[in-house]
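Examination of the molecular architecture
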Amino acid sequence: MESIIKTLKNEVVFTGALILAIGTSFISIPKLDYIDFKVLFSLFNLMLIVKAFEELKIMDKLAVEILSKYKNSRMVSLILISLTFISSMFVTNDVALITFVPLTLIIGKKTKIEVIDIIIFQTLAANIGSSLTPMGNPQNLFLFSYYKLKAGAFFRITVPLVVMGTIWLFLINLRTKNISLDFELNPISIKDKKKASIYGILFFIIIMSVFNVIDYKLASALTIIVVFFLDRELIMKVDYFLLFTFIGFFLFIGNVSNSTGVHSVMKYVLGSEKKSYFAAILLSQIISNVPCAVLLAGFTENWREILLGVNIGGMGTLIASLASVISYKLYVADFPEKSKGYLKKFTIYNLISLVVFIIINYIIL
């Protein structure tokens, strides 16, 4: 019993979704139709493949190969930010941070330089870069599926955001001190190139299923079969709490949508494009952008504003994007005495970024 309570405390978002789903089930009987199985299976497929890429250390090898050629602190910072930024578009923001923040910490220890700024910039890069694609983060995958969006319509919203983000990341990286570095990174080799190729093909198939070129059921069947025969232990490494969190929110939204009072209030709150945009940004600061996307989508057709709002809303507070918590934990694990300093700098950089992105994108929108 104690272990269950501890798990629920650690998985706060899941616990909240569970409570909301159970609580609203007394108001309205939940239905299986409320659950978006395409989102769940697509997310499951992506998590499996990304875990496979992690095990094969594909991104680690790429990073080490590039970084070994540069010894300038500002250039090294830019490369680490760029690697995080680009990889987050395909393997999600949290995985990009799990992969490249430890590498930053290693370089910091070898060169004895402070890496707080670089890690904060990497976190911003992961949250901005992942905004580009439907598979870059869970909220994008959900919104792309929920609103049955076409690729062209989706990218018309996300491309300007990410282009602006590219410029912004380059500018703030200029704050990094420009000094010579001396470090050596241990070489990394991909031991099983055949397996890496198979997973690469499977990743392409999964992306095609996200864009509705291939049936997600076929992609899911292929993914499960291939992983079962190649690396069945990966099935146990999937973040099932995230999947169950989505189920909880699906049921919650389905239940409250049948409540006339709640439905009317939410329709009013999200009654205009402007209200939807700011509601998505503000609510993301409190409950994080993934549950915010699921919650608001059930009450409005203003998908452009919700999509833009939850992605911009990933900046700001530490919990606005749960991926941000990952880099914080990784840094504090090595430097617990600097946790307050990290939080202070993180909040300053993120709030400034949030304000800049809110204003410019609101004008564009």
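Residues numbered from 1 in each chain as written. Predicted model: local features only at pLDDT ≥ 70, side-chain atom pairs only at ≥ 80, totals over all residues. Heavy atoms only, no water.

For the protein chain, the name recorded in an unreviewed UniProt entry is Inner membrane protein YbiR, with Clostridium colicanis DSM 13634 as its organism. Heading Subcellular location (unreviewed entry) of the UniProt record for the protein chain holds this comment: "Membrane". (UniProt positions renumbered as here; feature names shortened; annotations may be inferred.)

1. Here we look at the overall build of the protein chain
A tally of regular secondary structure across the protein chain gives 18 helices and zero strands. Taken against the 2.2 N^0.38 rule, which gives 21 Å for 365 residues, the C-alpha radius of gyration of the protein chain at 21 Å falls within 12% of a compact globule. For the C-alpha atoms alone, the extent of the protein chain along its principal axes is close to 65 × 50 × 50 Å. When each of the 365 residues of the protein chain is scored for burial, the buried share is 53%. Across the protein chain, every contact between residues at least 6 apart in sequence was considered, and the portion connecting residues at least 24 apart equals 81%. (Helix = DSSP H or I, 4+ residues; strand = E, 2+ residues; numbered from the N terminus. Rg over C-alpha atoms; globule rule 2.2 N^0.38 Å. Buried < 20%, exposed > 50% of the residue type's maximum accessible area, 1.4 Å probe, protein only. Contact = heavy atoms within 4.5 Å.)

2. Details of the packing of helix α7 (residues 116–129) against helix α17 (residues 322–334)
Contact geometry for α7 and α17: axes closest at 9 Å, N-to-C directions at 160°. It follows that α7 is roughly antiparallel to α17 by the angle criterion. In terms of crossing hand, the pair formed by α7 and α17 is right-handed. In contact with Ile116, Ile119, Thr123 and Asn127 of α7, α17 contributes Ala323, Ser324, Ser327 and Tyr331. (Axes fitted to C-alpha atoms, helices over the stretch in contact; angles between N-to-C directions. Parallel < 35°, antiparallel > 145°, perpendicular 65-115°, else oblique. Left-handed = near helix turned anticlockwise from the far one by under 90°.)

3. A look at helix α14 (residues 273–287)
The end-to-end C-alpha distance of α14 is 21 Å, a good match for the 21 Å that 15 residues give at a rise of 1.5 Å each. Of the positions making up α14, those classed as buried are Ser276, Tyr277, Ala279, Ala280, Ile281, Ser284 and Gln285. Positive backbone phi, at 80°, marks Ser288, one or two positions downstream of α14. (Expected span 1.5 Å × (residues − 1).)

4. Concerning a nonpolar patch on the surface
Residues Val159, Val163, Ile167, Phe170, Leu171 and Leu174 make up a contiguous nonpolar surface patch of roughly 520 Å² in combined accessible area. Tracing the chain through its elements places Leu174 in the loop between α9 (151–173) and α10 (193–210). (Patch = residues over 30% accessible without salt bridge, like charges linked within 9 Å, V, L, I, M, F, W, Y side chains within 5 Å. Areas by Shrake-Rupley, 256 points an atom, 1.4 Å probe, with all protein chains shown as cover. Salt bridge = Lys/Arg side-chain N within 4 Å of Asp/Glu carboxyl O.)

5. Focus: the nonpolar core
Judged by nonpolar contacts, the single largest core of 120 residues is most densely connected at Phe142, Leu143, Tyr199, Phe246, Leu296 and Ile312. In terms of residues, this core owes the most to one element, helix α3 (residues 37–56), which gives 12 residues. (Core = buried A, V, L, I, M, F, W, Y, C linked by side-chain atoms within 4.5 Å.)

6. Things to note about the pattern of salt bridges
If you walk through the whole model with that rule in mind, you get seven salt bridges. We note a salt bridge from Lys338 to Glu114, for which the minimum N-O separation is 2.8 Å. In this pair, Lys338 sits in the loop between α17 and α18 (339–364) while Glu114 sits in the loop between α6 (93–111) and α7, placing the two residues 224 residues apart along the sequence. On the accessibility criterion, Lys338 (30% relative accessible area) is partly exposed. Taking relative accessible area as the criterion, Glu114 reaches 42% and is therefore assigned partly exposed. We note a salt bridge from Asp231 to Lys195, for which the minimum N-O separation is 3.2 Å.

7. Remarks on α6
In an α-helix, one full turn covers 3.6 residues, which means residues spaced three or four apart are oriented alike. Its 19 residues place the ends of α6 26 Å apart at the C-alpha level, agreeing with the 27 Å of an ideal helix rising 1.5 Å per residue. Just downstream of α6, Lys112 is the residue with a positive phi angle, here 60°.

8. Section: the packing of aromatic side chains
The full count for this structure, using the stated rule, is 20 aromatic pairs. Plain terms: the ring middles of Tyr146 and Tyr147 are 5.1 Å apart, the flat faces sit at 85° to each other, and that makes the pair edge-to-face. Classification of Tyr147 by relative accessible area gives buried; the value is 12%. Cluster of aromatic residues (ring-pair linked, three or more members): Phe142, Tyr146, Tyr147, Phe246 and Phe250. The ring of Phe228 has Arg232 sitting right over it, with the charged end atom 4.2 Å from the ring centre. The lysine or arginine in question, Lys338, covers the ring of Phe335, its NZ or CZ lying 5.1 Å from the ring centre. (Phe/Tyr/Trp six-rings, centres within 6.5 Å; stacked < 30°, edge-to-face > 60°. Lys NZ or Arg CZ within 6 Å of the ring centre and 35° of its normal.)

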